[in-house]
Amino acid sequence: MRAIHRKLLRDLWQIKGQVFAIAAVIGVGVAMFVAYLSTFDSLSGTQRAYYERYRFGDVFASLKRAPDSLQARLAEIPGVAQVEARVVAEVTLDVEGMTEPVTGRLVSVPERKTAILNDLSMIEGRYIEPGRGNEVVVTEGFALAHGLGPGDSVSAVINGRSRDLEIVGVALSPEFIYTIRPGALMPDDARFGVFWMSRKALANAFDMEGGFNDVVLRLQPGASEAEIIARTDDLLKKYGGLGAMSRDFQISNWYLSSELKQLKGFGTVVPFIFLGVAAFLLNVVLTRIVSVQREQIAALKALGYSNLEVGWHYSLWSLLVAGSGGVVGAMMGRNMGQGMLNMYNGYFRFPFLEYRLAPDVVLGALGISLLAAIVGASQAVRGAVKLPPAEAMRPEPPARYRKTLVERLGTEKWFSQPARMVLRNLERQPLRALASIIGISCSGGLLVIGLFFLDSIEVLLDVQFNIAQRQDITLTFVEPRSSGALFEVSRLPGVVSAEPARSVPVRLRAGHLSRQTAVTGLVNDPRLQRVVSSDYQPVELPPEGVLMTRKLAEILGLQQGSVLTVEVLEGARPVKEAVVADLVDEFMGTAVYMDMDALHRWMREGSNLSGAYLQVDSYHADALYAHLKSLPSVAGVALKSAAIDAFNNQMDEMMGVFIFFNILFASIITIGVVYNAARISLSERSRELASLRVLGFTRGEISSILLGELALITLVAIPLGLMVGYGFAALMVTAFDTELYRFPLVVSSRTFGVSALVVALAATFSGLVVRRRLDHLDLVEVLKTRE
Amino acid sequence: MIEVEAARQGTVAEGAVFIARGITKIYDMGEVQVHALRGVDLELDGGELTVLLGPSGSGKSTLLNILGGLDVPTAGQVFYRGGELTAADEKGLTRYRRHHVGFVFQFYNLIPSLTARENVALVTEISPDPLSPEEALDLVGLGDRMDHFPAQLSGGQQQRVAIARAVAKQPDVLLCDEPTGALDIETGVLVLEAIERVNREMGTTTAVITHNAAIAEMADRVVYLADGRIARVVNNDSKKDPRELRW
Ligand SMILES: Nc1ncnc2c1ncn2[C@@H]1O[C@H](COP(=O)(O)OP(=O)(O)OP(=O)(O)O)[C@@H](O)[C@H]1O
Ligand SMILES: [Mg+2]
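Residues numbered from 1 in each chain as written. Chains lettered and ligands numbered in written order. Predicted model: local features only at pLDDT ≥ 70, side-chain atom pairs only at ≥ 80, totals over all residues. Heavy atoms only, no water.

Observations concerning the overall build of chain A
The number of helices and strands found in chain A is 22 helices and 20 strands. If you line up chain A on its principal axes, its C-alpha atoms span 100 × 55 × 50 Å. Buried positions account for 56% of the 787 residues belonging to chain A. Restricting to contacts in chain A with at least 6 residues of sequence separation, those with at least 24 account for 82%. Accessible surface, chain A as shown: approximately 33,400 Å² in total, 57% of it carbon and sulfur. The average position of the 77 basic charges and that of the 77 acidic charges among the side chains of chain A differ by 11 Å. (Helix = DSSP H or I, 4+ residues; strand = E, 2+ residues; numbered from the N terminus. Buried < 20%, exposed > 50% of the residue type's maximum accessible area, 1.4 Å probe, protein only. Contact = heavy atoms within 4.5 Å. Areas by Shrake-Rupley, 256 points an atom, 1.4 Å probe, with all protein chains shown as cover. Lys, Arg positive; Asp, Glu negative; His and termini not counted. Charge placed at Lys NZ, Arg CZ, Asp CG, Glu CD.)

Let's talk about helix H20 (residues 699-735) of chain A
Residues lying three or four places apart along an α-helix face the same way, a consequence of the helix completing one turn every 3.6 residues. Taking 1.5 Å of rise per residue, 37 residues should cover 54 Å, and H20 of chain A covers 50 Å from first to last C-alpha, within 8% of that figure. Maximum bend of H20 of chain A: about 30°, positioned at isoleucine 705 of chain A. (Expected span 1.5 Å × (residues − 1). Bend = angle between axes of the 7 residues up to and from the residue.)

Details of the domain arrangement of chain A
Domain annotation of chain A identifies domain 1 (1-56 + 260-397), domain 2 (57-254), domain 3 (429-467 + 642-787) and domain 4 (495-616). For domain 1 of chain A versus domain 4 of chain A, the separation of C-alpha centres amounts to 53 Å. (Domains from an automatic or database assignment.)

Brief notes about the pattern of salt bridges
Residue and element names in this part refer to chain A. Tallied over the full model, the rule gives 47 salt bridges over all chains. Between arginine 55 and aspartate 119 there is a salt bridge whose closest N-O contact spans 2.7 Å. Of this pair, arginine 55 sits in the loop between helix H2 (16-53) and strand E1 (59-67) while aspartate 119 is found in the loop between strand E4 (102-109) and strand E5 (121-125), placing the two residues 64 residues apart along the sequence. The class of aspartate 119 is buried, set by a relative accessible area of 7%. (Salt bridge = Lys/Arg side-chain N within 4 Å of Asp/Glu carboxyl O.)

Thoughts on the interface of chain A and chain B
Listed by partner, the interface residues are 24 residues for chain A and 26 residues for chain B. The tally of links between chain A and chain B comes to four salt bridges. Joining chain A to chain B, the criterion identifies eleven residue pairs in polar contact (both at pLDDT 80 or more). Within the residue set of the side of chain A that touches chain B, elements represented by two or more residues are helix H1 (3-14), helix H8 (294-302), helix H9 (307-347) and helix H11 (389-393) of chain A. Considered class by class, the residues forming the side of chain A that touches chain B number eleven nonpolar, four polar and nine charged. (Polar contact = N/O pair within 3.5 Å; in protein donor to acceptor, adjacent residues only side chain to side chain. Nonpolar A, V, L, I, M, F, W, Y, C, P; charged D, E, K, R; others polar.)

And the structure:
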C-alpha cells in the first residue's frame, strides 16, 4: 500500500469515533433510502404483474339490476376488451367462535373456472364445482383470521334464510389486495371477508336470475377511460347504475396506490435530512483536519505532491467515510426493506411478493452517499488545494478573539471567566455553532414527527368515536326501509337508543369535475351520528344546502357558498342543485351531509331509512348480536369497538417499529452532531485547556468550559428542534392529506417533552465521552505538540 | 518547464545551478507592506554547499522557498539550470519540486501517522529514480529506527528522517531551512554530517539556512542576508568537517 494511503487510514483510525458517527448518519440516510424505495419497487412491481396476470379490471360499476343482455351492449362500447358481469351481495355471517355478526361479501364467479377479470389465485383447496350451490372460495385473510380452510363452513343469512356456505378453497384476488370494508378505518379480517360463489347459486338466492348487479370492464390499450365510463353510465342508468368508476377509485387499488405514493415520497425526502446533516459533519471534521494538517499538507506539496494529489487525498477521506456508511447503510436498508415488505404482506395480500432490490436503487444509494461526500468535503478540499506551501510552513496565526457582544454591552460582570470563554468561542465560530444547532434541531424534529403520530391518532380516534360517531353499532339495510323499521330496531334487546340513517349514492358535479360519494341525511340535533367542526365541536346542520368535507370541496374546486350539481343514483335519480353551506374537517374519506327531511323531499319519499345508528347496553350485546345475525333486512353490521380494536392493532404493530427506528435514528444524528462538535472543540482547544490545567484549574473547571459550550448549543437547539418538529409534523400532515384519510395536526406536550429528553440524553452521552477524554488529557503531550 | 527538463539532460551541466536576478518579495498586509526581499541577485554552483546566514526576519526562508519552487517572487527572475522557474505555472513548479528538489524543514514536518520508513516512502513512491527508503535511512544512520513513528523519535532523529526523506529521491538540490534550529550540539552535528555526506557523496547542490555562524565553517560559500538584501558573500577555502564545529 502506498504511504499516502497508509496515512489516510491511520488518520481515519485516529478519530474513529467521529468517523463512525458520521458514517452512521450517512448509513441511516442511505438505509432509509434503500428500504423505502426498494419496498416501493417491490410492491409496485408486484402490483403491476399481479394486475396484468390476473386481469384486474379498469372500470368498475354497481347497479341495481340489469338483464344479462346488457352485457353484450357493454362489450360493444369501443375500447372495451372484456366485460365481466357479476352478482355481488353483502350478507351477515355467523362464524363459529364469534358472538358478533360478521359481514361477508359474496361475489359471483362462473361455475367453471375461466379466465375472468379479477381472477382468483388459489392458495389452498380447489375452485367451486358446478351444481354445488353452497360451495364457496374464501379470501385468505378471513380464512387465517378464523382458522378456516377447505372442509369448514360458515353460516350466512341469505335473503332471510340461513344457509351454510361450504368452504372448498382459499384464494386471493387483485380486487381485494387490501380487504377493507367501505367506510371502515382499517381492514378487519375477522369481521369482513369475501366469498366467491357460483353465479347461478348467488343469482338464485338474490332474485338475480338472468341479470347482474355489478360489472367490471377491461379496456383495450389506449382506450379513453373517461368516454367509456360515460357510455357505461348511460347504459346502466336505466338499471339503477351507481356510477361507473375508474380503477383509481377502486378501494383496494386506491389504498395500495396511495401507500405506494407515500413510500416513494418518504424515500426521496427523508434520507436527505440525514445526508444533509452528514455533509455538514463531514465539512466540519474535514475542515478541522485540513487545518490541523496544514504543515503536513505543506510538506507533501514541498515534496512534490501536486495540488490534485493533495486534494484527492482529502477527498478520499470523505469518500471512504461516506462510502463505508453508504455500503453498510445499503445492506441495512436491504434488511429493513425486507422487513417492511413482510409487514406490508400482512396488510396487502399478494399471491406472490418478492423483495426486489433494483440496481438503480443501489446506484442511487451510492450516488447520494457520494453526493454527501462531495458536498461535505468540497470546502475543506478546496482549502487544502489552495494552501500555499510556503505559507503553511509557518504555524497558523493565533485565532483572533474579541470581547463578546454580551461583554461589549457591559454585562460581563454577570459571567464567570469560564462562561466568558464559552461565549467568546461561540462568537468566534458563529457559523459552526449555528450549523451544530441546526443539526441537533433536525434530530429533535425527527423525534417529534416520530412521536406526533401517536398524538394525532389519539385525537383522530377521540373525535371519530367519542364526538362524531357516538353510536356503538351502525346497521345497514339491504334496501331502504320505511320509518317503521326504526321502531322495530329500537325494540331489539340491548338497544338503548336508535337514530335513523339515510344515505343515498350520488355523483357530485362542479364544472368539469366530478366525484362519486354518498349524501347522508342527518336528523335535527343528532345524539349519535354527528358532524364535527375543525375545533372538534358538533356542527349544527344548516336547514338549506349541504355540509361537505373540506377535502372534497378542494377536489371539486368548491368553496363555502358555491353551488354544485348532485345527481342522485338511487330511486327516481333526481338531479338537484345545492349550495355548499359549510365545510367540515373530517379524517376519513369524503362525505356530504344534509338535513334528513330535505333529503327525503329530494327523494320524494317518506321517512325512509337505509340503516340505523344504535346505542347499545353492552350487557345485552350478545343477545343483540344473535338477533342481528338472523335479521334478513340487515346487510351489514359495523361495531365501533371492533373498529377501534382493528385500528389499535394495526397501529400498535406499525407504530411500535416506526417509533423505535425514529428514536434510534434521531439519536444517531444527535450523537453524531454533538460528539463531533465536542471532539473538534477539544482538538482546537486542548492546548489552551491543558495550559489552564497547568495553571491550576481543576478537571471540572476545564470540562465546564468545553462542555458548557455544548450545553449551550444543545439548550438553544432543543426548543428550535421542537419548532422544527412541529413544522415537520405539519409537512407530514400535508403529505398524508389524501382523499382517503387525513391526520389532525396535534403535538402533545408529552411528545415535545420526550423529544427534548432524548436529545438531551444523546447530548449528555456525547458530552460524557468527551469528558472522559478530557480527564485523560496528557498535559505534557498536548503542550509539546505544535499545531 | 520544458527548459528545466532539457536542462536535466545536461545541456547546461556545468556552472551555476541557480541564477536569481533582482528577486523581490513583498507581502501585502493591508495597511502595511512587508518587504521580505529587496532585489536579491545570487548564483549557486553545482555541487556546492552554501550556507545562508542572517538575523531573524532577514528573508532567508523566503529566499529558500522561492528557490525551491514553494513560492514565487513579486518581481525578478529565477533560473534553474537555464530554465526559468519564475515563468513556470503551478504544474511546472510541482514537477520541479517532485523531480529536482529535496526539502528539509526547520520543524521536520514529518507525517506523524507514518513511520520513518513510510515517511521516506512517501517520496520514493513518486520519484523516477529513488534510493530505497532503507538505503536513505541508512545514509543518515537510522537503519535501526525504520519502523518508529515520529513521536517515538528524538528531535535529531526526526530531523535525520526528514533529511533521508529529502535525499531519497536523489535530488539535484537539497534545501534545508534551519535543520539544526531545534537541536543541541551533538544531535545538530549528526544532522549536519548527514547533510554534508549527501553533498559530498551524491554531489547534490545544497543550501542550508542557519542562525548559527559556526555552521558557516562547513560551507563552500557563505551568503549573508540582512533586511532582504545580500549583505556579502564569502567563499570558504578551508571547509571544516561538521565534527570539528563548535558552538
Ligand atoms: N506570509 C507572510 N506574510 C507576511 N509577512 C511575511 C510572510 N512570510 C514572511 N513574512 C515576513 O517577511 C520577512 C522575512 O521573513 P523570513 O521568514 O524569510 O525571515 P527569516 O530570515 O527566515 O527569519 P527567521 O530566521 O526568523 O526564520 C519577515 O519580516 C516576515 O515577517
Ligand atoms: Mg526562517
